[in-house]
Amino acid sequence: MLDHNPDQSGALTVLALDTSTDMLACAVARVDGPAPDAGVTVLAAGDHLCRRHANEQLVNTALDCLGKAGLAMSDVDAVLVGRGPGSFTGVRIGIATAKGLACGLQRPLYGASTLDAVAWRAWVAGTRGLVAVVDDAMRGEVYPGVYNLDEKGAHRTFEAERVVKADAAVQELAARADAAELTLTGDGLKKYRDRFGAAGLTRILDESLWHPTAEGLARAWAASSSRGAGDPALVLPIYTRLSDAEENERKRLGLKAPASVEVTGVDDALADRHLQLRPMSVNDLDAVSKIESVAYAGAAHTPWTRKLFYEELEQPGRSWWVAHDLGTIIGFAGGHMAGDDFEVDDVAVSPDRRRQGVASRLVSRICYDAHVLNAATASLEVDEKNEPARAAYASLGFKEVGRRRAYYGEGHDALVMRVDLPLKVDAEHTLDHVEPSASIRPWPIAVGPRDAQAQERLAAAGPLVLSIESSCDETAMAVIDSHGEICANVVATSIDFHARFGGVVPEIASRKHVEAVVGVYEETMAQAGRHFGCDTLTPADLSCVGVTAGPGLVGALVVGVAFAKGLCAATGLPLTAVNHLEGHLLANLFETPDLTPPFVASLVSGGNTMLVHVRDWGDYQILGATIDDAVGEAFDKVAKALGLGYPGGPVISRLAAKGNKKAIHFPRAMMHSHDYRFSLSGLKTAVITYIEGENKAGRPINLPDLAASFEAAVIDVQVSKAMTAVDETGVSDFCVGGGVAANPELRAEYRKKFGRRGVRVTVPPMVVCGDNGAMIAVAALRNYKAGVFSDLSLDANPNAKLGCWSAKGEKPVVSGPWPKAK
């Protein structure tokens, strides 16, 4: 895997780091020899307690360690990172930083268990015998693991990391026949030491040994028989459980049947709503049982009963999903954890929906959950005569590993099939979500030769800036040249994962950023390479890295910022922070390159609604903002109330185009407040009250009319206040930014009303209305040219004000309008 090996003996210089706990673990070590007898020599260490400041300190700690060891980044042969389990955000900081380091250095990235690192720390301190690590998992839970420490090292006695209630861990360890021989360690003892002691578990290591060290991490990896492929795209956190939103959803769905909304007038307005997946609930059991009985009618296999499905939903370590089409259940799949294998228990699809890829999507989704639950493999059984099912499973990577004779009746053997997780799906296989997948080529990526023409194009482009955007649910990057031309623009979205919640779930967004960031980086660099006529760009081709540092979801921002800082630390490239809202504002330059202050801008999205007086570049006066919901948020909540799915903006817009906007009168909140504040919560409540009233009266709701009336109420207020702002400031230009800027009716109304007054209206091209890397690139290039840089202690600021990190008075450069082909 290594593209170089400076040590003839085969020893590796490894930069090891872990931020899963309150201990920031970091060291430079030499790993000599193959597992399990590899020698580890620590050259320099910087382990220190660092609660909630790991993102500020990690990169500089790594550089300090290298300096103490007399080494430079270029001397590092491999990067090693702790995968947890631990604090979700903490784990992601370490892994995102490590991914940036690996991509910048073009070196392998490996991962190791934080629990293993704690056990090896005890080994280094001279502890021998049985050691139980109990790390804190918050919420009254711990991550337990028992190790056997002998003269050769720390050996696991368990297969996979898991999370259990602290009291359950106490009972489990106390009930062991060898409980008297157990020695306890781990930061979970800070909270639960007394509970373990009361159960007779009193052999406890000194508190100084409860946290992981980078040396322990290095020794755990060096001794492992499966060190990993070295591909940074495949190094992911060990979570051991789904996000809180997903866990709560599984519980909540079983409480009561969802309210129904009878609708009319939809025609084909919702025809593009694709098949959707969601977790199975007790409300689905009748439909699921019916599909099960039909699927296995006359077969030797005994169909599951409704009671069996119900009992299965109550158990931990399970994943059960249904596929539905506009609310009608058409298939399901589920399984359970068995050690580090996830056993697929049942898959069934309605006869009229078979051979449409439904089963493949269901199996891929429960396999994703299995990977999150730390399963290494997934297995299932299929009738050898069921050729379509065998082909579907094979397309997901399942391979035959065994056979059970006459399992489904005489002449019907069961084939046992297994696949390594995560699934690796080929380009022909379409899923409703993005699986973590390997790099686009074997890692480290070998760069092809460049001809003279490509070299000339690169030279003519001048300095190149890479931009990174991760403020919400899109992982996006772009490359811009010194003339303001976008050379690459890549966006990966996790929208399907949020759709069933009716809005973005921060924890899910953060997880998806970690999975996507390397792939987006590689594709962006490859796309930019094609722009210049060469194989791919490398970090050496870049002059600066810009990253969205705020505002946004803090967990999502952290991933982008950590990756960017790792990339800069590895390469020595300067780092510049970009304000997300300013990026949306500057996206207007892709439509009107000569846009010049002063002008008024409306920033409308799922998280923001405000009017801004742009007095100069970087000089922004916020005239007013929403006091509650943002416009995009109101669209999403109304769509959710109507059962229209997420995101709500596009579907409401399509419906509204066929409706009568005067059919229902909804309030225009604060339209005459004589200021520039907005309020959307009252309008949202009025719409929901209307829906409830119509349902109670037994009258069907005309969706197009309701959508058009709601949309008109939103637009009337936005346009009215914008016109007043333009009049009072005396400007002759008005522009719009943010995801809601894509709303066709809003764009048209602005042009209509302002056109009568001779005010030029600019709205960004549709492709750059949502979150994207190109808009961040414009701001990053401006900052680079102005010398506005951030140091490597930069952290995410979810509440960053518009104007921070801006190069005041510096005009952003865009080469011209966004090409239609892009």
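Cut-offs and rules
Residues numbered from 1 in each chain as written. Predicted model: local features only at pLDDT ≥ 70, side-chain atom pairs only at ≥ 80, totals over all residues. Heavy atoms only, no water. Pairing = 2+ DSSP bridges. Helix = DSSP H or I, 4+ residues; strand = E, 2+ residues; numbered from the N terminus. Axes fitted to C-alpha atoms, helices over the stretch in contact; angles between N-to-C directions. Contact = heavy atoms within 4.5 Å. Parallel < 35°, antiparallel > 145°, perpendicular 65-115°, else oblique. Buried < 20%, exposed > 50% of the residue type's maximum accessible area, 1.4 Å probe, protein only. Expected span 1.5 Å × (residues − 1). Phe/Tyr/Trp six-rings, centres within 6.5 Å; stacked < 30°, edge-to-face > 60°. Patch = residues over 30% accessible without salt bridge, like charges linked within 9 Å, V, L, I, M, F, W, Y side chains within 5 Å. Areas by Shrake-Rupley, 256 points an atom, 1.4 Å probe, with all protein chains shown as cover. Salt bridge = Lys/Arg side-chain N within 4 Å of Asp/Glu carboxyl O. Lys, Arg positive; Asp, Glu negative; His and termini not counted. Charge placed at Lys NZ, Arg CZ, Asp CG, Glu CD. Right-handed = clockwise from strand over helix to strand, strands pointing away.

J.: Account for the sheet that holds strand β14 (residues 318-325), with residues named and values stated.
T.: Read from one edge of the open sheet, 7 strands run β13-β14-β15-β16-β17-β19-β18, paired in mixed fashion. Two strands lie at the open edges of the sheet, namely β13 (276-279) and β18 (399-404), each paired on one side alone. Direction aside, the axes of adjacent strands within the sheet are offset by 25° on average. In this sheet, strand β15 (residues 328-338) lies alongside β14 in antiparallel orientation, the contact comprising 8 bridges. Looking at β15, one finds that W320 is bridged to G334. Across the sheet, helix α8 (residues 285-295) touches β14, β15 and β16 (341-349), and the angle it forms with β15 is around 85°. Running at roughly 120° to β14, helix α9 (residues 306-313) makes contact with β14, β15 and β16 of the sheet.

J.: Which residues make up the packing of helix α17 (residues 631-641) against helix α18 (residues 648-656), and what values do they have?
T.: Remark: α17 packs on α18, axes separated minimally by 8 Å, with the N-to-C direction vectors making an angle of 70°. Classified by the angle between their axes, α17 and α18 sit roughly perpendicular to one another. Of α18, the residues touching α17 (which contributes F635, D636, V638 and A639) are G648, G649 and I652.

J.: With reference to specific residues and values, describe the environment of I701.
T.: Note on placement: I701 falls in strand β28 (residues 701-702). The buried category is assigned to I701, whose relative accessible area is 1%. I701 sits 10 residues away from I691 along the chain, and the two C-alpha atoms are 7.4 Å apart.

J.: Describe helix α1 (residues 54-68), and please don't skip the residues or the numbers.
T.: A rise of 1.5 Å per residue sets the reference length of α1, with its 15 residues, at 21 Å; its end C-alpha atoms lie 20 Å apart and thus fit the reference within 8%. Here α1 has its buried residues at A54, N55, L58, V59, T61, A62, C65 and L66. Buried residues belonging to α1 abut β1 (12-18), β2 (23-32), β3 (39-45), β4 (48-49), α2 (88-105) and α15 (554-571). G70 sits one or two positions beyond α1 and adopts a positive phi of about 75°.

J.: Could you give me a rundown of unusual backbone geometry, with the residues and numbers involved?
T.: The amide bond that connects W443 to the next residue, P444, takes the cis arrangement and shows omega of -5°. Mapping P444 onto the fold places it in the loop between β19 (414-420) and α12 (452-461). Backbone torsion omega between P597 and P598 reads 5°, so that peptide bond is classified as cis. Even without a glycine there, the phi angle at W805 is positive, about 70°. Among the secondary structure elements, W805 is positioned in the segment after α22 (773-786).

J.: Residue-level account of the packing of aromatic side chains, with values.
T.: Two aromatic rings, taken as a pair, are described by how far apart their centres are and by the angle between their planes. The full count for this structure, using the stated rule, is 20 aromatic pairs. Centre to centre, the rings of Y407 and Y408 are 5.1 Å apart; their planes meet at 90°, and the pair counts as edge-to-face. For Y407, a relative accessible area of 41% puts it in the partly exposed group. Geometrically, the ring pair formed by F590 and W818 is edge-to-face, given 4.9 Å between the ring centres and 85° between the ring planes. Placement of F590 in the loop between α16 (580-586) and β25 (599-604) and of W818 in the segment after α22 is noted, with a sequence separation of 228 residues between them. Judged by relative accessible area, W818 falls into the buried class, the value being 8%.

J.: Requested: an account of the packing of α18 against helix α20 (residues 703-729), with residues and values cited.
T.: Running from amino to carboxyl end, α18 crosses α20 at an angle of 110°, the nearest separation of the two axes being 7 Å. It follows that α18 is roughly perpendicular to α20 by the angle criterion. From α18, I652, S653, L655 and A656 reach across to α20, where they touch L703, P704, A707, A708, F710 and E711.

J.: Before we move on, could you go through a positive patch on the surface and cite the residues and values that matter?
T.: Among the surface-exposed residues, K661, K662, K752 and R756 lie close enough to one another that they form a single positively charged patch. Position of R756 relative to the elements: it lies in the loop between α21 (744-755) and β30 (760-762).

J.: Explain the sheet that holds β25 to me, using residue names and the numbers behind them.
T.: As summarised here, the arrangement of the 5 strands in space is β27-β26-β25-β29-β30, forming an open sheet in which the pairing is mixed. If you trace the sheet from one side to the other, it starts and ends with β27 (619-625) and β30, each paired once. The sheet shows a mean angle of 20° between the axes of neighbouring strands, direction not considered. Bridge analysis of β25 against strand β26 (residues 609-616) gives 6 bridges, and the strand direction is antiparallel. By the bridge assignment for β26, A601 is matched with V612.

J.: How would you summarise the pattern of salt bridges if you had to cite specific residues and measurements?
T.: Opposite charge on two side chains permits pairing when their charged atoms draw close. Summed over all chains, the structure comprises 40 salt bridges. A salt bridge links D22 to R51, with the nearest nitrogen and oxygen atoms 3.2 Å apart. Taken as a pair, D22 in the loop between β1 and β2 and R51 in the loop between β4 and α1 lie far apart in primary sequence, 29 residues in all. Assessed through its relative accessible area of 24%, D22 is described here as partly exposed. A relative accessible area of 48% places R51 in the partly exposed class. Note that R530 is salt-bridged to E523, the shortest N-O span being 3.0 Å. According to the relative accessible area criterion, E523 is partly exposed, its value standing at 25%. Sharing partners across several salt bridges, the network here consists of E384, E400, R403, R405 and D413.

J.: So, the pairing of strand β5 (residues 78-82): which residues are in play, and what are the values?
T.: The buried fraction of β5 amounts to 5 of the 5 residues, a majority that puts the element mostly inside the structure. As defined by bridge partners, β1 adjoins β5 across 4 bridges and the pair is classed as parallel. Counterpart to V14 in the pairing with β5 is A78. Two strands pair when backbone bridges link them, and β5 and strand β6 (residues 109-112) are joined in this way by 4 bridges, in the parallel orientation. Residue pairing for β6: L80 is matched across the bridge by Y110. Of the crossover connections in this fold, the one passing from β5 over α2 to the parallel β6 is right-handed.

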